[in-house]
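What follows is the residue order along each chain.
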Amino acid sequence: MTLMTPDKSQENQQPTQWEGSLEELKGLVSERAFTGETMLLNMGPHHPSTHGVLRVLLELDGEEIINLLPDVGFLHTGIEKNIEHKQYEKGVTLTDRMDYLAPMNNNFSFCLAIEKLVDLDVPERAQIMRVICLELTRINSHLVWLGTHALDMGAMSVFLYAFIQREKILRMFEMISGQRLMTSYMRPGGVWRDFTDEFYTALDSFLSVFPSKVDEFQRLLTNNPLWIDRTQGIGIIEPETALAWGVSGPSLRGSGVNWDLRKAMPYSGYEQYEFTVPLGEHGDVYDRFYIRILEMYESVKIIQQALKKLPRKGPFRSENRKFVPPPRAELGRSMEAVIHHFKLWTEGFSAPDDEVYVAVESPRGELSVYLHGTGGTKPRRVHFKTPSFMHIAAMPVMSKGHFIADLVAIIGSIDIVLGDCDR
Amino acid sequence: MSLPQPKDPVESVKAALPTAVLDVTAFRGDTTLVVAPEQIVAVCKYLRDTPGLVYNFLSDISAVDYYPEYNRPGRFGVVYHLLSMLYKRRITLKTYVQEEEPVLDSVVSVWPAANWLEREIIDMMGIDFNGNPDKRRVLMPADWNGHPHRRDYPLGYETIMFSFNVEEIMKHKPKATE
């Protein structure tokens, strides 16, 4: 990226509607940088606290951040373009690679869009299984966030404790999907396979100890005076500003806006579960931290309720053979099954030439999918609006006026994943 | 606290801005307003500020390319997804942009969140937004040729740069902009 010089002709334009000024959106450093009064400093893309490959160009007055220009795109892998060239079901494996800390959420949002586009049913039991997986993914993602966030600020041991718990979740993912990270477990119409017996056992033992482990993390951080000094009053974003900038998820709730898609516009049967939505009030780094800690307890509650409702045997994928391939065992018995199997794995299913839009609450915020069919077996366009993308765009609002060391705390607190941002 | 009664967004927009709404479509329970391109900022502002509608949150802006079928009023569609947190509902605005002049007005003055979403479309789809303050490429490198999400842009087939063909490749690469 090269610096853009300030354009004199646009300086007199008055923004009329929105209370902020367009000037600050321009992606420019101030004129003081050209006289050498302020210093330009490049941070990243290979910087351990940027959580991937985020580059920020900082304009500094001493230690204080005057301006901040995020530069993304280093992890752009053309996932949206690639999905346009694949059949619908084969696109699911690519969505894992976006937000690699919450693969199930990406699978789920894409499957939800396909199901809406072709009007495919999902059995009740599969919806409950999906909720269990989604909440496990949420805990998984929050654990990585907690570990790295604390590590960035010098609290090394939290990272190790958090990763012990995360390892248990990854093993459970391997039990159900055969993969630890890139699960591709959700498929259009349900999930890939039924839960295994060892998964139930592992999940039970995990749920029985996990809340006490979160208590342990809290003992290390929540009332720790060093942690409080580093996080309270840092990176404040007002609720109105956060909404205008499209901030969502725990980062929005940290500012006290009660908006959780699982509660407000439920999907996949979330309205049947009892859980609370933790809210902050100051909108600073500490509130965003504490909300994610509390969300882990809530996720455990949801999984426990879901396990109670989940029958051990039953359908885990839709029976609609026009969209869902038959189980392997049926191929030896039924000619119809052979035909469906052949059609679905060679040609794929067709979807109408129309558009749908779905949004789900991912661990980071509102993840939404815009899917446009062609009438054929491949999509015309798929677009993921990812929370990390919006949060990085809003980063300058939170960081101006803070010290450069606080920027590390702010980057951690908005929980960005660059694979999610760049797609 | 009593909320103002929710209004029907389609009827309200039609009444307030009679020339703006070209068409209304519904698919799988979602309502889409097809809006005249020159009126998009006015419609967005109306939907955001009117009591009873209050679409205060911009969820997404995405663009779709209808090449090679051209079965819509324009080659490109730009789709705005708005969310009303107060009334817990969404609405979709859609505008069609012509191939010859892919330009729209920017809604950054309504929601600053639109800034990066529009930058992504400028970058990936090659649709320009009048009034967007920051039009640099966001995902692709600054010296990239073409707009990858257009349907006539091939998938892959970029020549790999080696020492024997580096000069040949650099010859037709555009120079980095200022």
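Heads up: the structure comes first, above all this text.
Draft legend 1. Local environment of the pairing of strand β6 (residues 355-361) of chain A. All names here are of chain A. Among the seven residues in β6, seven count as buried, and that is most of the element. Of the two faces of β6, the one holding E355, Y357, A359 and E361 and the one holding V356, V358 and V360 are both buried throughout. Sheet topology note: the β6/strand β7 (residues 366-372) ladder contains seven bridges and is antiparallel. Pairing of V356 across the sheet is with L371, part of β7. What sits between β6 and β7 in their antiparallel hairpin is a turn of four residues, with G365 showing a positive phi close to 155 degrees.

Draft legend 2. Spotlight on unusual backbone geometry. Following Y67 of chain B, the chain continues into P68 of chain B via a peptide bond in cis, with omega recorded as -5 degrees. Looking at where P68 of chain B falls in the secondary structure, it is placed in the loop between β3 (57-65) and β4 (76-84). In this structure, D119 of chain A is a non-glycine residue whose phi angle is positive, near 60 degrees. Not every positive phi belongs to a glycine, and K88 of chain B is a case in point at roughly 55 degrees. Looking at where K88 of chain B falls in the secondary structure, it is placed in the loop between β4 and β5 (89-97).

Draft legend 3. Broad picture of helix α13 (residues 335-346) of chain A. All names here are of chain A. The end-to-end C-alpha distance of α13 is 17 Å, a good match for the 16 Å that 12 residues give at a rise of 1.5 Å each. Of all the 12 residues making up α13, one are buried; the element is thus mostly uncovered. Directly after α13, the chain includes G348, whose backbone phi takes a positive value near 85 degrees.

Draft legend 4. The nonpolar core, seen in detail. One finds A113 and I410 of chain A together with V78, I121 and I127 of chain B to be the most contacted residues of the largest nonpolar core, which totals 152 residues. No other element matches the 14 residues that helix α5 (residues 124-152) of chain A contributes to this core. Once residues within four sequence positions are removed from consideration, I127 of chain B is found in contact with A63, F76, V78, V97, P102, L104, I121 and I122 of chain B.

What counts and what doesn't
Numbering of residues starts from 1 in each chain and follows the order in which that chain's sequence is written. The order in which chains are written sets their letters, starting at A; the order in which ligands are written sets their numbers, starting at 1. The predicted origin of the model limits local features to residues at a pLDDT of at least 70 and limits the giving and counting of side-chain atom pairs to 80 or more, whereas totals for whole chains, interfaces and linings rest on all residues. The exposure scheme places C-beta atoms from the backbone and then counts, for each residue, the other C-beta atoms within 10 Å of its own, assigning buried at 20 or more, exposed at 12 or fewer, and partly exposed in between. The way it works is that DSSP assigns letters per residue, a run of H or I at least four long becomes a helix, a run of E at least two long becomes a strand, and they are numbered from the N terminus. We treat two strands as partners when DSSP finds at least two bridges between them. Multiplying 1.5 Å by the residue count of a helix minus one yields the expected span of that helix. A set of buried Ala, Val, Leu, Ile, Met, Phe, Trp, Tyr and Cys residues, joined through C-beta atoms within 7 Å, is what we mean by a nonpolar core. Think of it this way: build a C-beta for each residue from its backbone, and any pair within 7 Å is a contact.

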